[in-house]
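Observations on the three-dimensional arrangement
This is what each chain is made of:
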Amino acid sequence: MNEQNKSNYKKFMLLWAGELVSSIGGGLTSFGLGIYIFQKTGNASGMALMTLLAFLPGLLLKVPAGVLADRYDRRLLMMIGDGCSGMGVLFILLCMLGGEAELWQIYVGVIISSVFSALLEPAFTATITDLLTKEQFSRANGLVSMAGSARYLFSPILAGFILAFSDIKVILVIDICTFFLTIISAAVVRNSIAAKPVAERKPFFRSMKEGWDVIAKRKGLFLLILISSAITMFMGVFQVLGEPFILSFADSKTLGIVETVAASGMLFTGVILGIKGIRKNFVKMLSIGLFFSGIGMAFFGVFNNTVIIGLFGFLFFASLPIANNSLDFLARTNIPEEFQGRVWGLIGFISQLGYVIAYSLSGITADAVGAMTGGGVGKGAALTITFSGICLAVIAVAMTRVKRLGELEKSTVAETVSVPGLE
């Protein structure tokens, strides 16, 4: 690795540290607001609606945000996205300072944060491509997965203990403070790396169409994105219903501990991938990661024992970085550099449509199943999680027989070998 590559990797690490802090802060708020809403409503639908509103605006804006990432300074977009998303958290805090916040006020604040956060993801993802070489992508992806896991690893146990001695307003204040740190890290990197010049500023929708053409011409990539959408649907069920399932027989402090133990699986695997990465058999590794995630998810909802739940949660989260790393590498190395921003915006939009379905229906489904079985929201959430885990494992096995995915990996390997300077 030459001096320039080392310097760029240090810049990536600074950005990554900022996103790690941001992830922890966002996880604190997400956990705290989820508890707040569940205690106020007593059902899974209210929590699911908050998750949907936190997610949907960002999803709808991913594509235009990706175009912006190819047209303007990506580091500046990251600063604007991180900074302005804090206004939504500040709005919720101000509402709570006057007494209990109404549900609609929480939902409005969540939407504000989501809208501005949409600027961040395509810009951050494309910046990784700006800074690093292909041989560094897999290691970087492992670290990014680990940063994403921080909201599940550190945030729940921190939030659980804070709520045991204080209230949610303290959590919101902490989250607001984290925005300053992430803005500073992006500003430092921006001052040391020049924005790539845009030779021709094309019309906005033409730029968007060019991003779509890149995906449409690569059938294997398009298929991979569609499979990702199905995967996110089942994983979204787990994200929404895991908390109300545990809260049906435990308190918020116990929930925080169980979530932290489970999410430590992602940290464990993320560290390994951050050091070694994955160098071959990406489709196979993607399938293995998804299969064991599905198994962990399926058995997560079977027992009302927090120790067993924590173990299967650990398996679920430990398998995710393997799948995410493989999927990210297969996609990233099949996208021309000049289209990275807009294509990643489209990939994020299509692949995460599954979350919209999950966030819209999982809470309602769990409440309905609980009412039908007479077991309440806890039983309904458990059965829905188990069914979704089984479906995820079946998809993982089936995708190994899809030839187009294998062809996608072959083109990736051939392209990687042809790049000068790779070890």
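Residues numbered from 1 in each chain as written. Predicted model: local features only at pLDDT ≥ 70, side-chain atom pairs only at ≥ 80, totals over all residues. Heavy atoms only, no water.

**Here's the deal with the overall build of the protein chain**
Secondary structure summary: the protein chain contains 18 helices and 0 strands in total. Going through the 423 residues of the protein chain one by one, you find that 55% of them count as buried. With the model as given, the accessible surface of the protein chain reaches about 17700 Å², and the carbon-plus-sulfur share is 68%. (Helix = DSSP H or I, 4+ residues; strand = E, 2+ residues; numbered from the N terminus. Buried < 20%, exposed > 50% of the residue type's maximum accessible area, 1.4 Å probe, protein only. Areas by Shrake-Rupley, 256 points an atom, 1.4 Å probe, with all protein chains shown as cover.)

**Brief notes about the packing of helix 4 (residues 74-97) against helix 6 (residues 120-131)**
For the pair helix 4 and helix 6, the least separation of the axes is 9 Å and the interaxial angle reads 150 degrees. With respect to the hand of their crossing, helix 4 and helix 6 are arranged in left-handed fashion. Here helix 4 contributes Arg 74, Arg 75, Leu 77, Met 78 and Asp 82 to the contact with helix 6, which in turn contributes Leu 120, Ala 123, Phe 124, Ala 126, Thr 127 and Asp 130. Its residues assigned to classes, the contact of helix 4 with helix 6 comprises 6 nonpolar, 1 polar and 4 charged. (Axes fitted to C-alpha atoms, helices over the stretch in contact; angles between N-to-C directions. Left-handed = near helix turned anticlockwise from the far one by under 90°. Contact = heavy atoms within 4.5 Å. Nonpolar A, V, L, I, M, F, W, Y, C, P; charged D, E, K, R; others polar.)

**Let's talk about the side chain of Ser 23**
You can see Ser 23 is positioned in helix 1 (residues 3-41). Judged by its relative accessible area of 10%, Ser 23 falls in the buried class. What Ser 23 contacts, discounting residues up to four positions off in sequence, is Ala 147, Gly 148, Ala 150, Arg 151 and Ser 155.

**Digging into the packing of aromatic side chains**
How two aromatic rings sit relative to each other is given by the distance of their centres and the angle of their planes. Counting across every chain of the model gives 13 aromatic pairs. Relative to Phe 316, the ring of Phe 238 lies with its centre 4.3 Å away and its plane at 35 degrees, an arrangement referred to as tilted. Taken together, the residues span a long stretch of sequence, with Phe 238 in helix 11 (residues 219-247) and Phe 316 in helix 14 (residues 306-332) at a distance of 78 residues. Here Phe 238 and Phe 316 have matching classes, each one buried. Centre to centre, the rings of Phe 291 and Phe 292 are 5.4 Å apart; their planes meet at 85 degrees, and the pair counts as edge-to-face. The partly exposed category is assigned to Phe 292, whose relative accessible area is 39%. Through successive ring pairs, a cluster of aromatic residues spans Phe 238, Phe 245, Phe 249, Phe 300, Phe 316 and Phe 317. (Phe/Tyr/Trp six-rings, centres within 6.5 Å; stacked < 30°, edge-to-face > 60°.)

**A short note on a nonpolar patch on the surface**
Together, Leu 14, Leu 181, Ile 184 and Val 188 make up an exposed nonpolar region whose accessible area comes to about 340 Å². Considering each element in turn, the nonpolar patch owes the most residues, 3 residues, to helix 9 (residues 168-192). (Patch = residues over 30% accessible without salt bridge, like charges linked within 9 Å, V, L, I, M, F, W, Y side chains within 5 Å. Salt bridge = Lys/Arg side-chain N within 4 Å of Asp/Glu carboxyl O.)

**Considering helix 2 (residues 44-60)**
Its 17 residues give helix 2 an end-to-end C-alpha distance of 24 Å, which sits within 8% of 24 Å, the value for a rise of 1.5 Å per residue. Among all positions of helix 2, only Ala 44, Gly 46, Met 47, Ala 48, Met 50, Leu 52, Leu 53, Phe 55, Pro 57, Gly 58 and Leu 59 are buried. (Expected span 1.5 Å × (residues − 1).)

**Thoughts on the nonpolar core**
Most often, soluble globular proteins have nonpolar side chains that are buried together. Within the largest apolar cluster, 100 residues are counted, with the highest numbers of intra-cluster contacts made by Phe 12, Met 96 and Ile 106. At 12 residues, helix 11 tops the list of elements feeding residues into this core. (Core = buried A, V, L, I, M, F, W, Y, C linked by side-chain atoms within 4.5 Å.)

**Here's the deal with the pattern of salt bridges**
Considering all chains together, one arrives at 1 salt bridge under this definition. Residue Lys 169 is joined to Asp 167 by a salt bridge in which the shortest nitrogen-to-oxygen separation is 2.9 Å. Given a relative accessible area of 30%, Asp 167 falls into the partly exposed group.

**Some details on the environment of Tyr 107**
You can see Tyr 107 is positioned in helix 5 (residues 103-117). Separated by 54 residues in the primary sequence, Tyr 107 and Leu 53 place their C-alpha atoms 6.7 Å from one another. Once you skip the residues sitting within four places of it in the chain, Tyr 107 turns out to touch Ile 37, Gly 46, Leu 49, Met 50 and Leu 53.

**What about the environment of Leu 53?**
Tracing the backbone through its elements, the reader meets Leu 53 in helix 2. In this structure the C-alpha to C-alpha distance between Leu 53 and Ile 106, which are 53 residues apart in sequence, comes to 10.0 Å. Residues contacting Leu 53, with those up to four places away along its chain left out, are Tyr 107, Val 110, Ile 111 and Ser 114.

**Some words on helix 6**
Along its 12 residues, helix 6 runs 16 Å from first to last C-alpha, staying within 8% of the 16 Å computed at 1.5 Å per residue. Burial runs high along helix 6: 11 of the 12 residues are buried. Leu 120, Pro 122, Ala 123, Phe 124, Thr 125, Ala 126, Thr 127, Ile 128, Thr 129, Asp 130 and Leu 131 are the residues of helix 6 that are buried.

Interpretation in functional terms is not warranted from these geometric data alone.
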